[in-house]
Amino acid sequence: IEGLTGSIQRDEQGVYRMPAETAMSGAIISPWTIEALLKDGRLSVVNRGVVSVDGSSLLRITLHRPLCLHAGGCAPDLQKLRLTTDLYLDPHTHLLTKSVETIRLSEQLPTRSLRVITYGDYHQVNGAAMVPFEYRETLNGQLIWNLTATEASIGNRHEQSYFRF
């Protein structure tokens, strides 16, 4: 995230700019960040109960969170923005099955698109955490990508430069 935009890199197409709110909507929030946001009142969690989705009963939790995870950590224009994400969990295992939110694809387009990420094929990693090995993203119902992981590890540390492009 840089200023009012974020970016992703596509192999042969170079860097693609996107609104910061869209880039941040995909950011993984750690349990420590969630705890801090709850303590200072910047995160709200709404339990919407068990709902039917694609013929399955799932627990729906709605998160309303600030775009800027750290108070004062970004431009004043961005500090007012909030992101809303619906999380759908298996009511028995409590594993995440879907996350749903609306995103903007471009700063020039005010239209929002519905992004759904489906998680599956969970494996136990490092003897503790259950990690999804399958991810599927759709945008307005159209498949964007399928990702299948072959391995995962927890606790690896990388320098910030590892994630720059």
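The structure under discussion appears in the preceding block.
Before going into details, it helps to say that this report is about the structure given with it. The shown structure was predicted, so the numbers you read here are calculated from the model rather than taken from an experiment.

Reading the values: rules and limits
Residues numbered from 1 in each chain as written. Predicted model: local features only at pLDDT ≥ 70, side-chain atom pairs only at ≥ 80, totals over all residues. Heavy atoms only, no water. Pairing = 2+ DSSP bridges. Helix = DSSP H or I, 4+ residues; strand = E, 2+ residues; numbered from the N terminus. Axes fitted to C-alpha atoms, helices over the stretch in contact; angles between N-to-C directions. Salt bridge = Lys/Arg side-chain N within 4 Å of Asp/Glu carboxyl O. Buried < 20%, exposed > 50% of the residue type's maximum accessible area, 1.4 Å probe, protein only. Polar contact = N/O pair within 3.5 Å; in protein donor to acceptor, adjacent residues only side chain to side chain. Contact = heavy atoms within 4.5 Å. Phe/Tyr/Trp six-rings, centres within 6.5 Å; stacked < 30°, edge-to-face > 60°.

**Things to note about the sheet that holds strand 7 (residues 112-125)**
Part 1: Spatial strand order, 3-4-5-6-7-8-9: seven strands in an open sheet with antiparallel pairing. If you trace the sheet from one side to the other, it starts and ends with strand 3 (44-53) and strand 9 (142-148), each paired once. Sheet twist, expressed as the mean angle between neighbouring strand axes with direction ignored, is 25°.
Part 2: Of the strand pairs in this sheet, strand 6 (residues 96-104) and strand 7 are connected by seven bridges, and their pairing is antiparallel.

**Examining the pattern of salt bridges**
Part 1: What the rule picks out here adds up to three salt bridges.
Part 2: Salt-bridge contacts for Asp-54 lead to Lys-98; the nearest nitrogen and oxygen are separated by 3.6 Å. Here Lys-98 lies in strand 6 and Asp-54 lies in the loop between strand 3 and strand 4 (56-66), a separation of 44 residues in the sequence.
Part 3: Given the relative accessible area of 69%, Asp-54 is considered exposed.
Part 4: The exposure class of Lys-98 is buried, given its relative accessible area of 15%.

**Remarks on the side chain of Glu-137**
Part 1: The topology assignment puts Glu-137 in strand 8 (residues 129-139).
Part 2: A polar contact of 2.8 Å, which involves the side chain of Glu-137, links it to the side chain of Trp-145.
Part 3: Other than its neighbours up to four places away in sequence, Glu-137 contacts Arg-115, Val-116, Ile-117, Gln-142, Leu-143, Ile-144 and Trp-145.

**Brief notes about the packing of aromatic side chains**
Part 1: Enumeration according to the criterion identifies one aromatic pair in this entry.
Part 2: Ring geometry for Tyr-119 and Tyr-135: centres 5.7 Å apart, planes at 80°, overall edge-to-face. One end of the pair, Tyr-119, is in strand 7; the other, Tyr-135, is in strand 8, with 16 residues separating them in the sequence.
Part 3: For Tyr-119, a relative accessible area of 17% gives the class buried.

**Details of the pairing of strand 5 (residues 82-89)**
Where a strand is regular, its side chains alternate between the two sheet faces.
Part 1: The sheet contact formed by strand 4 and strand 5 spans eight bridges and is antiparallel. Paired with Leu-59 across the two strands is Leu-89, which belongs to strand 5.
Part 2: Examined bridge by bridge, strand 5 and strand 6 share four bridges and lie antiparallel to one another. Its bridge partner lying in strand 6, Asp-86 is registered against Val-100.

**A word on unusual backbone geometry**
Part 1: With a phi close to 50°, Asp-54 is a non-glycine residue in the positive phi region.
Part 2: Notably, His-94 is not glycine yet its phi reads approximately 65°, a positive angle.
Part 3: Along the chain, His-94 falls in the loop between strand 5 and strand 6.

**Comments concerning the pairing of strand 7**
Part 1: Here strand 7 runs beside strand 8; their pairing, made up of ten bridges, is antiparallel. Bridge pairing links Val-116 to Thr-138 in strand 8.
Part 2: Counting the residues in the hairpin turn of strand 7 and strand 8 gives three residues, including Asn-126, whose phi is positive at 55°.

**Description of the environment of Val-53**
Part 1: Examined against the element boundaries, Val-53 turns out to sit in strand 3.
Part 2: Apart from residues no more than four positions distant in its own chain, Val-53 is found in contact with Leu-58, Tyr-88 and Lys-98.

**A closer look at the environment of Val-45**
Part 1: Tracing the backbone shows Val-45 in strand 3.
Part 2: Assessed through its relative accessible area of 44%, Val-45 is described here as partly exposed.
Part 3: Separated by 20 residues in sequence, Val-45 and Arg-65 have C-alpha atoms that sit 8.8 Å apart.

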